[in-house]
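For reference, the chains in residue letters:
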Amino acid sequence: MEHNLEHTVSLLARTPAALDALLRGLPETWTLRNEGENTFSPFDVVGHLIYGERTDWMPRARMILEYGETRTFEPFDRWGQARESAGKSLGQLLDEFGRLRAENLDELRAMNLRPEDLERRGRHPALGVVTLSQLLATWAVHDLSHLHQISRVMAHQYREVVGPWSESGYFGVLRCAGHSTP
């Protein structure tokens, strides 16, 4: 499958509503628990997505369009959300994420990117040269990865209480060990 900007935007536009439907109003036992040390809870994931909306995707897209490969992206702080989420409720974070995502997608649409723009190149601090198309496709995959992570973390809370189903192999979400560290 090739990258399609319209398809990417359609997926990115749905993530806030998907998170809102899944998480808003749930007891904190579902939203504040994680899988152990140095792992994210669903609350942390929403904060992480907000932090990315502010510091990662659109700032890097603008940097590619303005500077190309001559400037390296700022390294992303995977724990940057901790400071910004402190003292906020999950509902506040969900609202903030929805607002920021809508603003970023409005800005992205207003760029009126052409195919040649999508092939423009920037420089990632760890990965080297990347295209704008790759960055935008990664934004969508990043959302999907964190939706998967939230499902896995929430299922993890019931890993013991499902009894023999835990080891039965019927529920891959209980057996998935990948991506535990953000």
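First things first, this report covers the structure right here in the doc. All values derive from a computational prediction rather than experimental measurement.

With that out of the way, let us pick up helix 1 (residues 5-23). Look at helix 1: 28 Å from first C-alpha to last across 19 residues, which is about the 27 Å you get at 1.5 Å a residue. Remark: the principal bend of helix 1, roughly 30 degrees, maps to T15, with a proline, P16, within the next four residues. If you check which residues of helix 1 are buried, you get L5, T8, V9, L12, T15, P16, L19 and L23. Residues of helix 1 that are buried make contact with helix 2 (28-31), helix 3 (42-55), helix 6 (90-110), helix 7 (115-118) and helix 8 (132-156). Measuring from the backbone nitrogen of E6 back to the side-chain oxygen at the start of helix 1 gives 3.0 Å, which picks out N4 as the cap.

Let us look at the pairing of strand 1 (residues 121-124). Of the two faces of strand 1, the one lined by G122 and H124 is fully buried and the one lined by R121 and R123 carries no buried residue. With four bridges connecting them, strand 1 and strand 2 (residues 128-131) associate as antiparallel partners. Across the sheet, G122 pairs through a bridge with V130, a residue of strand 2. Turn length for the strand 1-strand 2 hairpin, with the two strands adjacent in sequence and antiparallel, is three residues.

The rules behind each value
Residues numbered from 1 in each chain as written. Predicted model: local features only at pLDDT ≥ 70, side-chain atom pairs only at ≥ 80, totals over all residues. Heavy atoms only, no water. Helix = DSSP H or I, 4+ residues; strand = E, 2+ residues; numbered from the N terminus. Expected span 1.5 Å × (residues − 1). Bend = angle between axes of the 7 residues up to and from the residue. Buried < 20%, exposed > 50% of the residue type's maximum accessible area, 1.4 Å probe, protein only. Contact = heavy atoms within 4.5 Å. Polar contact = N/O pair within 3.5 Å; in protein donor to acceptor, adjacent residues only side chain to side chain. Pairing = 2+ DSSP bridges.

Note that all results are geometric; they support no functional claim without further evidence.
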